[in-house]
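Analysis of the macromolecular model
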Amino acid sequence: MAAGAGAVGMLAGQRAFAQQMSLPLASSSPDRLPPINGVYDWHALPPTPTPLESEAGGQQVDTGFVPGQGRAQIYFASAGQGVPVILLHDGLANSDYMSDLARALLRARCRVVVMDARGHGRSTMGTLPLSYDLLADDVVTLMAYLRLRNAAFVGWGDGAVQAMNVAMRHPGTVSRVFAFAPRTTPDGLLASGENAPTIKSFMTRAKTEYKRLSRSGSFSDLRDDMRNLHRQAPEWSNADLVRVTAPLWAVAADHDELVARMQVEQIASAIENAGLAILPATSHFALLQNPLLFSLSVESFLGGR
């Protein structure tokens with residue numbers, strides 16, 4: 001009986017502790033909660049990282065614009081020496097979102113390249129309709145300008161789709177692909193995602209950042225172009241996926257509010273040299289919420305066989 005009473009008391013204490021711990025969440029938005037050891041709550045949308053060109057650990061950063069098809073101008077920043085790694089951001093974001101990862105890879109002695117997708121950030125849209133094939137060609141154009149014969153890729157969301165498309169269409173240019181939150185069909189975007197608080201906050205921030213960075217165009221036009229693209233593409237079957245011959249990790253967040261886990265798992269199972277990784281206690285913004293976990297996952301993948 002004494003042991004039973006002790007157990008009941010312990011459970012009651014645990015419940016009380018849990019209630020006390022939940023009070024800050026009940027009274028504060030997760031966006032306003034400070035990180036603990038650099039890790040944010042998965043409900044939160046952490047701040048956009050400082051641009052790579054503003055802070056690269058004392059290393060020289062080369063920046064510029066490369067002419068793309070349809071008179072587009074594609075912005076890039078490159079730093080470091082070693083294995084080249086190209087970082088590709090999600091739709092409506094910009095290359096600044098990849099900067100913390102870029103700095104981690106610089107410390108790991110990689111050469112890192114970030115770029116703004118056409119129509120995003122500092123890059124202009126040009127005159128051609130937006131497509132994943134066009135985005136893939138922009139990457140290859142930039143690689144030729146930088147004299148990179150091949151590179152590893154880290155893509156987030158639309159950037160993951162872009163990286164996989166490069167691997168399908170230009171296999172010799174891709175050594176490895178870390179695809180975070182990729183998808184295979186338009187159904188891979190969850191209809192409920194637009195109503196998620198993090199996505200709403202991101203859309204507001206993306207509009208502000210676009211106005212600050214863009215050299216031309218309007219955010220509403222870009223948003224409409226991306227929505228049209230998402231309704232149509234990608235449209236990949238398993239027969240398409242097996243064209244990716246480079247080692248690949250299909251990576252999901254366990255609380256992704258935007259991309260269906262099933263499609264990430266499909267990619268991992270269809271591609272011969274693929275693995276599946278699930279990042280715990282993170283959402284679609286895992287690279288911001290737990291940058292150390294994200295960078296260590298990327299470094300582990302890049303160092304694998």
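Each remark here, short or long, concerns the structure printed above.
To start, this report covers the structure provided alongside it. (Residues numbered from 1 in each chain as written. Predicted model: local features only at pLDDT ≥ 70, side-chain atom pairs only at ≥ 80, totals over all residues. Heavy atoms only, no water.)

1. As for the pairing of strand S1 (residues 61-68)
In this structure, S1 lies alongside strand S2 (residues 72-79), joined through eight bridges in antiparallel fashion. Counterpart to Pro 67 in the pairing with S2 is Gln 73. Hairpin remark: S1 followed by S2, antiparallel, with three residues in the connecting loop; positive phi at Gly 70, about 70°. (Pairing = 2+ DSSP bridges. Helix = DSSP H or I, 4+ residues; strand = E, 2+ residues; numbered from the N terminus.)

2. Some details on the packing of helix H2 (residues 99-107) against helix H10 (residues 291-302)
Across the interface, H2 lies against H10 with an axial gap of 10 Å and an inter-helix angle of 50°. Judged by the inter-axis angle, H2 sits oblique to H10. Here H2 runs over H10; the crossing is right-handed. Packed against H2, whose contacting residues are Leu 101, Ala 104 and Leu 105, the element H10 presents Phe 294, Ser 295, Val 298, Glu 299 and Leu 302 at the interface. Residues of the contact of H2 with H10, tallied by class, amount to six nonpolar, one polar and one charged. (Axes fitted to C-alpha atoms, helices over the stretch in contact; angles between N-to-C directions. Parallel < 35°, antiparallel > 145°, perpendicular 65-115°, else oblique. Left-handed = near helix turned anticlockwise from the far one by under 90°. Contact = heavy atoms within 4.5 Å. Nonpolar A, V, L, I, M, F, W, Y, C, P; charged D, E, K, R; others polar.)

3. What to know about the pattern of salt bridges
According to the stated counting rule, one finds 10 salt bridges in the structure shown. Here Arg 122 and Asp 96 are joined by a salt bridge, their closest N and O atoms 2.8 Å apart. A residue pair is termed long-range when its members are at least 10 positions apart, and Arg 122 in the loop between strand S4 (110-115) and helix H3 (132-146) and Asp 96 in the loop between strand S3 (83-88) and H2 qualify at 26 residues. Asp 96 matches Arg 122 in its accessibility class, with the two residues each being buried. Ionic contacts of the salt-bridge type, sharing partners, join the residues Glu 53, Asp 96, Asp 116 and Arg 122 into one network. (Salt bridge = Lys/Arg side-chain N within 4 Å of Asp/Glu carboxyl O. Buried < 20%, exposed > 50% of the residue type's maximum accessible area, 1.4 Å probe, protein only.)

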